[in-house]
Amino acid sequence: MFLQALPAATALVFSLNETIQFFQNSGLSKRQQRNLAMLLTGMVSIGTLNITRISFACFGSVSLAVLSAFIHRASIPWVKIQFAGLLHILRSFDVRKVHLQIDDTDLGRSKRIRSLFGVFRTIHKPTNGFQNAQNLVLLTASAFGVSFPVAFSFYQPDPALTKWHNIVDPRN
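Criteria and thresholds
Residues numbered from 1 in each chain as written. Predicted model: local features only at pLDDT ≥ 70, side-chain atom pairs only at ≥ 80, totals over all residues. Heavy atoms only, no water. Helix = DSSP H or I, 4+ residues; strand = E, 2+ residues; numbered from the N terminus. Rg over C-alpha atoms; globule rule 2.2 N^0.38 Å. Buried < 20%, exposed > 50% of the residue type's maximum accessible area, 1.4 Å probe, protein only. Contact = heavy atoms within 4.5 Å. Areas by Shrake-Rupley, 256 points an atom, 1.4 Å probe, with all protein chains shown as cover. Lys, Arg positive; Asp, Glu negative; His and termini not counted. Charge placed at Lys NZ, Arg CZ, Asp CG, Glu CD. Core = buried A, V, L, I, M, F, W, Y, C linked by side-chain atoms within 4.5 Å. Axes fitted to C-alpha atoms, helices over the stretch in contact; angles between N-to-C directions. Parallel < 35°, antiparallel > 145°, perpendicular 65-115°, else oblique. Left-handed = near helix turned anticlockwise from the far one by under 90°. Nonpolar A, V, L, I, M, F, W, Y, C, P; charged D, E, K, R; others polar. Pairing = 2+ DSSP bridges. Salt bridge = Lys/Arg side-chain N within 4 Å of Asp/Glu carboxyl O.

A. Layout of the overall build of the chain. From N to C terminus, the chain includes six helices and four strands. Each helix (α) and strand (β) of the chain, taken in turn from the N terminus, gives the series α-α-α-α-α-β-β-β-β-α. In terms of C-alpha radius of gyration, the chain reaches 22 Å, well past the compact-globule figure of 16 Å for 172 residues. By principal-axis analysis of the C-alpha atoms, the chain measures approximately 65 × 40 × 30 Å. Across the 172 residues of the chain, 28% fall into the buried class. In the chain, the proportion of contacts linking residues at least 24 apart, taken out of those at least 6 apart, comes to 56%. When the accessible surface of the chain is split by element, carbon and sulfur atoms take 59% of a total near 12400 Å². Put simply, the chain has 17 plus and 7 minus side-chain charges, and the middle of one group is 11 Å from the middle of the other.

B. Focus on the nonpolar core. In terms of nonpolar packing, the biggest core is built from 21 residues, with Phe-2, Leu-36, Met-38, Leu-39, Ile-54, Leu-67 and Ile-81 touching the most fellow members. Those elements giving two or more residues to this core turn out to be α1 (7-23), α2 (30-46), α3 (51-57), α4 (64-72) and α5 (78-92). Residues within four places of Phe-2 in sequence aside, it is in contact with Met-38, Thr-41, Gly-42, Ser-45, Ile-54, Ala-57, Cys-58, Phe-59 and Ser-61. Counting residues in hydrophobic clusters, the runner-up holds six residues, among them Val-95, Ala-141, Ala-143 and Val-146.

C. Spatial organisation of the environment of Met-38. If you trace the backbone, Met-38 turns up in helix α2. For Met-38 and Leu-67, which are 29 residues apart along the polypeptide, the C-alpha to C-alpha distance reads 9.1 Å. For Met-38, the residues in contact, after removing those within four places along its chain, are Phe-2, Leu-3, Gln-4, Ala-5, Ile-54, Cys-58, Ser-61 and Val-62.

D. Representation of the packing of α1 against α5 within the structure. Interaxial distance between α1 and α5 falls to 9 Å at its minimum, and their mutual angle equals 110°. Considered as vectors, α1 and α5 are oriented roughly perpendicular to each other. Handedness of the crossing formed by α1 with α5: right-handed. Where α1 approaches α5, its residues Leu-12, Ser-15, Leu-16, Thr-19, Ile-20 and Phe-23 are matched on the opposing element by Lys-80, Ile-81, Phe-83, Ala-84, Gly-85, Leu-87, His-88 and Arg-91. Looking at the contact of α1 with α5 residue by residue, the class counts come to eight nonpolar, four polar and two charged.

E. Quick look at the environment of Phe-56. Looking at the secondary structure, you find Phe-56 in helix α3. Judged by relative accessible area, which is 63%, Phe-56 ranks as exposed.

F. Molecular detail of the pairing of strand β2 (residues 119-124). Strand direction decides the pairing type here: β2 and strand β3 (residues 129-143), joined by six bridges, are antiparallel. By the bridge assignment for β3, Arg-121 is matched with Asn-132. What sits between β2 and β3 in their antiparallel hairpin is a turn of four residues, with Asn-128 showing a positive phi close to 55°.

G. Representation of the pattern of salt bridges in the model. One pass over the full model with this rule turns up one salt bridge. Arg-96 is the partner of Asp-94 in a salt bridge, and the nearest nitrogen-oxygen pair spans 3.2 Å. The exposure class of Arg-96 is exposed, given its relative accessible area of 76%.

H. Structural view of the pairing of strand β4 (residues 146-155). Of the pairings in the sheet, the one linking β3 to β4 comprises nine bridges and is antiparallel in character. Counted as the bridge partner of Ala-141 is Phe-148 from β4.

See below:
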């Protein structure tokens, strides 16, 4: 499907690297910039972050081993890349004022759960019983005409605080 990165992906990676260099002395190496641009090109052309499919789609110009090592073992400042991407979006939309919004959602789960992360026992208000639930907390940034996710996390109650609540009010 492609042998080299899209010019837009290369320009985006170059812009992100300049932003990273503004905040710290060193940025991404040339190889890291090329691999990140190829990864972005693959994500755009395939529509998913699947490094096996991306390595097949680029007809061997970047191997699966190189992409895997790039993602898992390279010393890449992923948090700084995310921050630089956020600044790039804010600059491109000329955003001056941003509102951060927190959304937390309880997702009810079945009684038999073994492999889901962040599941805890909570009170089910409609039935006055208990249920297993996951609480997903999403942080979004909203500005004039644009809204995008910034971070998400699974909320889990503190076991020590839960134990203390059970001592203070044993009805719960």
